[in-house]
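# Observations on the three-dimensional arrangement
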Amino acid sequence: MSIKLPIYLDNNATTQIDPRVVDVMMPYLTEKYGNYSSKHKFGYEAHSAVELAREHIAKLINSNPDEIIFTSGATESINLAHIGFAVANQNKGKHIISSLVEHSASYESLLFLSKVGFEITFLKPDETGRIHPEDVISNIRKDTILVSLIFANNEIGTVNDIKTISNFCLNEKIIFHTDATQAIGKIKVDVRELNPTMMSFTSHKIYGPKGIGALFINKKSLKFNLSPLIFGGSQENSLRSGTLNVPAIVGFGKACNILSNELDEDISHYKSLNEFMLKYLISHLDEIKLNGSKTHRIFNNLNLTVKDVLVQDLMRKIPDLAFSTGSACSSENLKKNRILKALGLTDEEIDSTFRIGFGRFNTIDEIKYASEKLVQTILNIRSKKSEKINKITV
Ligand SMILES: *Cc1c(COP(=O)(O)O)cnc(C)c1O
């Protein structure tokens, strides 16, 4: 059994690019450098590559290609869905419903809107991190123009009942956006079944390149206006101007094409790695707790609280394992802990909480090695701590 160190266990932060994705991108980084909008052979070549990618992306979520707008990533898609929508619809009302467990891209863009005259209701989740559809329903007002909720949580993996909430909003004729960044590639996402009005996602969480994402805009649902945030050459239906990033789009398309064929395989891989590590840790350690939902979850994520262990120490003692103390997207402690705080974890528990994100390229041998290392190190930290306490009491 030979294992290459360090082991990457942070696949909710980003993923390794799939070699098959790199292969299809290479020509567009070298000889196929045309501008998507140019009316000559180089342009046509870029144009058809982008449109093929759009088809692959659309197929994965069961949408039409013309419902996909390319952006620089989920952060931009979410900002466009929130701010672009708010700007274009403020005459209809200024109330927006979201939650306390959103990714910062959602949370911060809504905080911005709250500073310029919009009123945001941030719903509190239950202790597993789920937002209850009844809470959404009971908070809807006459001036509610938008509901925006995370699909699968980046920190704890909890999956919301998007189908119920989305279809309720559709009935009430309220625009519904979901941040599906962590759901795509981990569970089946079918927009014709779920009916969101808008949906954001990104390439680099599904083994594609960074800096490219998409906003799905449902054309078979409610009609609504959206203002662009970036103005210029009218690309992407005038919703997102700027020269298209052809190599990244081609890679994003390939990543989605792979998922269309291999989603079930990926899911069962995540499940087996997840089950192995969770069982191993629980059977070898006392006072370890799984955060989030046991059943409504994505299986590439494990979020655990280990009593009496500072996760900073744990990470320092096992530099060969790359895992996370919290959301990689934020630097300040306070922000990082917003999601765990909303679940009701104490500050002390948050300091003892870590996140493992399994990926397509992790092997079971890696997970066995990582599980053993984690147990050894946690036991070691705990025994040192109790030695210290004994010394003091003696
Ligand atoms: C990573 C992530 C984002 C941000 O995506 P980028 O493409 O990095 O901007 C947004 N929401 C969730 C849930 C994420 O996990």
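Predicted, not measured: the structure shown is a model, and the values here were computed from it.

Each value, and the rule that gives it
- Residues numbered from 1 in each chain as written.
- Predicted model: local features only at pLDDT ≥ 70, side-chain atom pairs only at ≥ 80, totals over all residues.
- Heavy atoms only, no water.
- Axes fitted to C-alpha atoms, helices over the stretch in contact; angles between N-to-C directions.
- Helix = DSSP H or I, 4+ residues; strand = E, 2+ residues; numbered from the N terminus.
- Parallel < 35°, antiparallel > 145°, perpendicular 65-115°, else oblique.
- Left-handed = near helix turned anticlockwise from the far one by under 90°.
- Contact = heavy atoms within 4.5 Å.
- Nonpolar A, V, L, I, M, F, W, Y, C, P; charged D, E, K, R; others polar.
- Pairing = 2+ DSSP bridges.
- Buried < 20%, exposed > 50% of the residue type's maximum accessible area, 1.4 Å probe, protein only.
- Near = heavy atom within 4 Å.
- Polar contact = N/O pair within 3.5 Å; in protein donor to acceptor, adjacent residues only side chain to side chain.
- Areas by Shrake-Rupley, 256 points an atom, 1.4 Å probe, with all protein chains shown as cover.
- Domains from an automatic or database assignment.
- Buried area = accessible area lost by both parts, 1.4 Å probe.
- Salt bridge = Lys/Arg side-chain N within 4 Å of Asp/Glu carboxyl O.
- Core = buried A, V, L, I, M, F, W, Y, C linked by side-chain atoms within 4.5 Å.

The next point concerns the packing of helix 3 (residues 74–89) against helix 4 (residues 104–115). At their nearest, the axes of helix 3 and helix 4 sit 9 Å apart, and the two run at 25° to each other. Of the possible angle classes, the one that applies to helix 3 and helix 4 is roughly parallel. Judged by the sense of rotation from one axis to the other, the crossing of helix 3 with helix 4 is right-handed. Seen from helix 3, the contacting residues are T75, I78, N79, H82, I83 and A86; seen from helix 4, they are A105, S106, S109, L110, F112 and L113. Within the contact of helix 3 with helix 4, the residues separate by chemical class into seven nonpolar, five polar and no charged.

This part is about the sheet that holds strand 12 (residues 353–357). An order of 9-10-12 is seen for the three strands of this open sheet, with the pairing classed as antiparallel. Looking along the sheet, the strands with just one partner apiece sit at the ends: strand 9 (288–290) and strand 12. Across the sheet, the axes of successive neighbouring strands diverge by a mean angle of 25°, strand direction being ignored. Pairing analysis gives five bridges linking strand 10 (residues 301–306) to strand 12, with the strands arranged antiparallel. Paired with L302 across the bridge in strand 12 is I356. Packed on one face of the sheet, helix 8 (residues 246–284) meets strand 9, strand 10 and strand 12 and runs near 10° to strand 10.

Counting through the fold element by element, S166 comes out in helix 6 (residues 162–172). Owing to a relative accessible area of 1%, S166 belongs among the buried residues under this scheme. Discounting residues that sit within four places of it in the chain, S166 has contacts with F176, L194, N195 and P196.

Take the sheet that holds strand 2 (residues 68–71) next. Across the sheet, which stays open at both edges, the seven strands sit in the order 2-8-7-6-5-3-4 with mixed pairing between neighbours. A strand with exactly one partner marks an edge of an open sheet, and here the two such strands are strand 2 and strand 4 (119–123). Strand-to-strand twist in this sheet, taken as the mean axis angle between neighbours without regard to direction, amounts to 20°. Bridge analysis of strand 3 (residues 95–99) against strand 4 gives five bridges, and the strand direction is parallel. Bridged to S99 within strand 4 is L123. In the packing of helix 3 onto the sheet, the strands contacted are strand 2, strand 5 (144–150), strand 6 (175–179), strand 7 (198–202) and strand 8 (213–217), and the crossing angle to strand 7 comes to about 155°.

Moving on, we come to the site of the ligand. In the vicinity of the ligand there are 13 residues, among which T75, D179, Q182, T202 and K205 approach most closely. The separation between an oxygen atom of the ligand and a polar side-chain atom of Q182 is 2.7 Å. For the ligand, whose accessible area on its own is 380 Å², the fraction buried by protein is 90%. Looking at the shell around the ligand element by element, the count peaks at three residues for helix 3.

So, on to the environment of L123. With respect to the secondary-structure elements, L123 resides in strand 4. Taking the relative accessible area as the measure of exposure, L123 reaches 6% and is therefore buried. For the pair L123 and A342, spaced 219 residues apart in sequence, the C-alpha to C-alpha distance is 9.6 Å.

On to the pairing of strand 7. Most of strand 7 is tucked away: five of the five residues are buried. Here strand 7 shows two buried faces, one formed by M198, S200 and T202 and the other by M199 and F201. In the sheet, strand 7 pairs with strand 8 via five bridges, with the strands oriented antiparallel. Along strand 8, the bridge assignment pairs M199 with F216.

Turning to the domain arrangement of the protein chain, a few remarks are in order. When cut into domains, the protein chain gives domain 1 (7–15 + 262–393) and domain 2 (19–258). Inter-centroid distance (C-alpha atoms) of domain 1 to domain 2 is 29 Å. The interface of domain 1 with domain 2 comprises 33 residues on the first partner and 36 residues on the second. Overall, the association of domain 1 and domain 2 removes approximately 3100 Å² of surface from exposure, summing both partners, and the carbon and sulfur fraction of that is 53%. Here domain 1 and domain 2 share one salt bridge between them. Counting across the interface, domain 1 meets domain 2 through 20 residue pairs in polar contact (both at pLDDT 80 or more). Broken down by secondary-structure element, the contributors of at least two residues to the side of domain 1 that touches domain 2 are helix 8, strand 10 and helix 11 (338–342).

Let's shift gears to the pattern of salt bridges. Within the structure shown, the criterion is met by 17 salt bridges. R20 is the salt-bridge partner of D18, the closest N and O atoms lying 3.0 Å from each other. Exposure remark for R20: the relative accessible area of 34% places this residue in the partly exposed category. One salt bridge in this structure joins R141 and E119, with 2.9 Å as the shortest N-O distance. Highlighted residues: R141 in the loop between helix 5 (133–139) and strand 5 and E119 in strand 4, separated in sequence by 22 residues. Take R141: its relative accessible area is 32%, and that puts it in the partly exposed class. E119 sits in the partly exposed class, given a relative accessible area of 43%.

By size, the foremost hydrophobic cluster in this structure holds 57 residues, and its most contacted members are I68, I184, M199, F201 and F252. Counting residues per element, this core draws most heavily on helix 8, which supplies eleven residues. No fewer than three residues from each of domain 1 (7–15 + 262–393) and domain 2 (19–258) sit in this core. Residues in contact with I68, not counting those within four places in the same chain, are R54, I57, A58, I61, S63, F201, A214, L215, F216 and E236. Of all hydrophobic cores here, the second largest spans 30 residues; its members include Y270, L278, Y280 and L302.

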